[in-house]
Amino acid sequence: MSATFALLHPPASPLPPFLSFSRVSHFHSPPPLSTADFWRLTSRRSVPISKTSISTMTNDEENAGTVKKQLSKLFEQSLRITVPSESDVEPLIAACAPKFGDYQCNNAMGLWSRIKNKKDNGFKGPPTIGKVIMENLPPTEMIEKCTLAGPGFVNIKLSTSWIAKNIQKMLIIGIETWAPRLPIKRAVVDFSSPNIAKEMHVGHLRSTIIGDTLARMLEFSNVDVLRRNHVGDWGTQFGMLIEFLFDKFPNWEHASAQAIGDLQEFYKASKKRFDEDPAFKGRAQQAVVRLQGGETSYRRAWAQICEISRNEFNKVYQRLGVQLEEKGESFYNPYIPGVIEQLSNQGLVEESQGARVIHIEGVNIPLIVVKSDGGYNYASTDMAALWYRLNEEKAEWIIYVTDVGQQQHFEMVFSAAKLAGWLPANDNMYPKASHVGFGLVLGEDGKRFRTRNTEVVRLVDLLDEAKNRSKSVLIERGKAAEWTEQELEHTAEAVGYGAVKYADLKNNRLTNYTFNFDQMLNDKGNTAVYLLYAHARICSIIRKSGKDIDELKKTGVLTLDHDDERGLGLHLLQFSEVVEEACTNLLPNVLCEYLYNLSENFTKFYSNCQVVGSAEETSRLLLCEATAVVMRKCFHLLGITPVYKI
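How each quantity is defined
Residues numbered from 1 in each chain as written. Predicted model: local features only at pLDDT ≥ 70, side-chain atom pairs only at ≥ 80, totals over all residues. Heavy atoms only, no water. UniProt positions renumbered as here; feature names shortened; annotations may be inferred. Phe/Tyr/Trp six-rings, centres within 6.5 Å; stacked < 30°, edge-to-face > 60°. Helix = DSSP H or I, 4+ residues; strand = E, 2+ residues; numbered from the N terminus. Buried < 20%, exposed > 50% of the residue type's maximum accessible area, 1.4 Å probe, protein only. Lys NZ or Arg CZ within 6 Å of the ring centre and 35° of its normal. Pairing = 2+ DSSP bridges. Axes fitted to C-alpha atoms, helices over the stretch in contact; angles between N-to-C directions. Expected span 1.5 Å × (residues − 1). Contact = heavy atoms within 4.5 Å. Lys, Arg positive; Asp, Glu negative; His and termini not counted. Salt bridge = Lys/Arg side-chain N within 4 Å of Asp/Glu carboxyl O. Polar contact = N/O pair within 3.5 Å; in protein donor to acceptor, adjacent residues only side chain to side chain.

The chain carries the name arginine--tRNA ligase in an unreviewed UniProt entry, which gives Vitis vinifera as its organism. You can read under Catalytic activity (unreviewed entry) in the UniProt record for the chain the words "tRNA(Arg) + L-arginine + ATP = L-arginyl-tRNA(Arg) + AMP + diphosphate". In its Sequence similarities (unreviewed entry) section, UniProt records this for the chain: "Belongs to the class-I aminoacyl-tRNA synthetase family."

What follows is the structure, given as structure tokens:
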């Protein structure tokens with residue numbers, strides 16, 4: 001790694017709290033909920049199905065920074081004039097190859113297939129439709145020119161001065177003006193969700209990193225995001241753990257976390273005892289009954305085990321800078337009976353081999369909501385949680401971030417919710433629920449990532465190694481002599497943790513990826529280190545100019561006369577629609593690709609356009625600053641801390 005960095009000279013505006021430290025709150029299980037209370041809540045708080053389509057938004061919600069939407073509004077006006085009989089046609093606007101223009105309207109061929117058999121349609125084919133669409137565009141300063149290509153494609157070249165004006169406006173007002181507007185106000189993102197008394201593994205790392213980025217992108221898009229940590233804190237295993245705690249520590253209420261030791265080992269020892277000692281097994285099973293019955297000592301022991309686990313989880317969240325609110329399985333447990341009764345009253349729950357199930361069309365196994373022994377399971381809890389999130393938390397979009405192996409389970413839960421009328425049958429309507437699946441983390445041998453003794457890798461150790469490797473390189477470069485110890489630590493954390501996050505996020509989440517420290521920490525190619533270097537270099541250019549960049553924003557004028565200036569400016573302006581695409585499709589890699597291409601576009605610009613000392617210095621410094629601002633926002637959305645000095 002040849003690049004070195006320092007977290008020096010941050011921007012004037014403060015970073016949000018969860019970029020600098022972790023705040024993890026948790027909710028204790030609510031008191032038992034009577035059936036009468038459940039039905040009172042149901043009647044008072046039922047969520048109506050929204051008639052808002054994912055693709056439709058009011059004019060008030062249109063965002064000035066979204067080029068596609070502004071073009072769509074212009075072409076919508078033209079289409080209404082061109083083909084007034086086809087009022088349901090939506091403009092098809094897409095970015096195109098630079099040799100054709102900046103964007104393209106692709107409606108002509110589709111329209112021709114709809115109207116060619118109608119009498120007196122007035123057109124001879126797609127090209128004539130495209131020509132008239134072009135002619136009927138309203139006057140606008142946004143478009144410099146349009147040209148017709150092939151079977152009616154309308155190629156659009158944006159006004160260069162319009163691009164420059166919008167970038168300069170962003171520099172003055174702030175990048176929040178480029179935030180996309182989504183047609184929802186509140187979302188739940190359910191992510192991380194480790195199990196109490198078990199070690200967090202790399203699967204939880206993926207869920208945590210991906211979920212945090214999705215939450216950040218939605219928050220930037222002005223959505224109220226409820227970040228939910230659905231920990232596994234309830235179930236039959238707690239009888240085993242509590243009884244083992246009582247046996248091993250007679251004065252367990254005074255036993256410290258250090259005395260109890262590694263909870264993973266504690267869990268293994270209790271499981272071994274459970275499997276080998278019938279008397280212990282009997283006491284453990286009875287302990288479950290007493291815990292669920294609310295006996296004070298069992299509830300306290302349960303809470304103590306949960307708290308020890310929670311403190312371990314927080315070590316990971318603090319390193320990653322992730323904010324979560326814990327509402328575990330225990331929280332939803334009191335709601336399960338009422339939810340099952342509601343579903344039963346709707347005729348959705350049937351008896352099957354002693355269990356109570358919901359049959360889903362097209363699936364050859366039923367969704368079991370009550371086991372044959374009368375107990376509840378994951379489906380019971382997930383149905384209650386979904387009901388709560390829709391009715392109590394008023395979420396319009398509920399997003400579950402887990403491995404792809406759980407896809408069928410969640411699809412069945414969502415299907416049951418549609419049968420119950422909680423969710424619309426049309427997936428393009430709100431409220432909606434989505435499963436965000438992800439693939440495996442592999443070792444360099446192509447197998448599931450583990451330590452040499454086949455144990456699951458502790459995430460704290462993994463993250464600390466990334467930081468330590470980054471710090472070693474900084475020390476090799478002589479930075480220990482130049483920087484304070486705090487600067488060295490912070491920079492090592494930013495680069496190390498950022499490298500781990502970006503290596504995950506840059507891949508399509510559905511694919512497996514290989515965990516390799518050398519590749520992650522490489523300062524060449526599509527890595528966090530390379531991108532952090534690019535940002536630090538831009539900051540260095542601005543500093544070396546000696547100019548007050550905040551003053552230049554007020555007095556300078558941005559122009560994009562060189563082709564590479566214009567290319568960089570256009571890419572900057574597309575930031576908003578890229579974030580919207582990444583949000584809508586729940587694909588963080590789309591944003592990573594944009595960020596990497598932004599860095600490449602800047603390199604091309606800087607290689608061909610002198611900045612400091614040129615006649616265009618003021619304008620080009622403003623373009624450098626705009627690039628740095630957008631890069632920093634990309635880093636923030638990806639949960640990566642930027643560095644400012646090489």
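**Q** Outline the packing of aromatic side chains, listing residues and values.
**A** Per the counting criterion, the structure on display carries 22 aromatic pairs. Note on Trp234 and Trp302: the rings are 5.4 Å apart at their centroids and 85° apart in plane angle, and the pair reads as edge-to-face. With a gap of 68 residues between them, Trp234 in the loop between strand E7 (224-229) and helix H7 (237-248) and Trp302 in helix H11 (residues 296-320) connect regions that are remote in the sequence. Take Trp234: its relative accessible area is 9%, and that puts it in the buried class. Measuring from centroid to centroid gives 4.7 Å for Tyr400 and Phe410, while their planes differ by 35°, and the two rings are tilted. Of the two residues, Tyr400 is situated in strand E12 (residues 397-403) and Phe410 in helix H15 (residues 407-419); the sequence distance between them amounts to 10 residues. Overall, Tyr400 belongs to the buried group, its relative accessible area being 2%. Take Phe410: its relative accessible area is 4%, and that puts it in the buried class. Joined through ring pairs, the aromatic side chains of Phe331, Tyr332, Tyr335, Trp387 and Tyr388 make up one cluster. It is Arg299 that lies over the ring of Trp302; its NZ or CZ is 5.7 Å from the centre.

**Q** Quick rundown of the sheet that holds strand E9 (residues 350-352)? Include the residues and the values.
**A** In space, the three strands of this open sheet follow the order E9-E10-E11, with antiparallel pairing throughout. Pairing within the sheet leaves two strands with one partner each, and these edge strands are E9 and strand E11 (367-370). Across this sheet, the average inter-strand angle for adjacent strands is 50°, counted without regard to direction. Looking at chain direction, strand E10 (residues 355-358) and E11 are connected through three bridges and run antiparallel. Counted as the bridge partner of Arg356 is Val370 from E11.

**Q** An account of helix H24 (residues 588-608) is needed here, citing residue identities and associated values.
**A** For an α-helix, 3.6 residues make a turn, and residues three or four places apart therefore share a direction. The terminal C-alpha atoms of H24, which comprises 21 residues, lie 31 Å apart, in line with the 30 Å expected from a rise of 1.5 Å per residue. The complete set of buried residues in H24 reads Pro588, Asn589, Val590, Leu591, Cys592, Tyr594, Leu595, Leu598, Ser599, Phe602 and Phe605. Lining the buried residues of H24 we find helix H6 (202-220), helix H18 (485-505), helix H20 (528-545), helix H22 (563-573), helix H23 (575-585) and helix H25 (617-637).

**Q** Residues and numbers for the side chain of Glu577, please.
**A** Looking at where Glu577 falls in the secondary structure, it is placed in helix H23. We note that Glu577 is buried and unpaired, the nearest opposite charge coming from Lys68 at a distance of 4.7 Å. Looking at Glu577, its side chain comes within polar contact range of the main-chain nitrogen of Lys68, at 3.3 Å. What Glu577 contacts, discounting residues up to four positions off in sequence, is Thr66, Val67, Lys68 and Tyr103.

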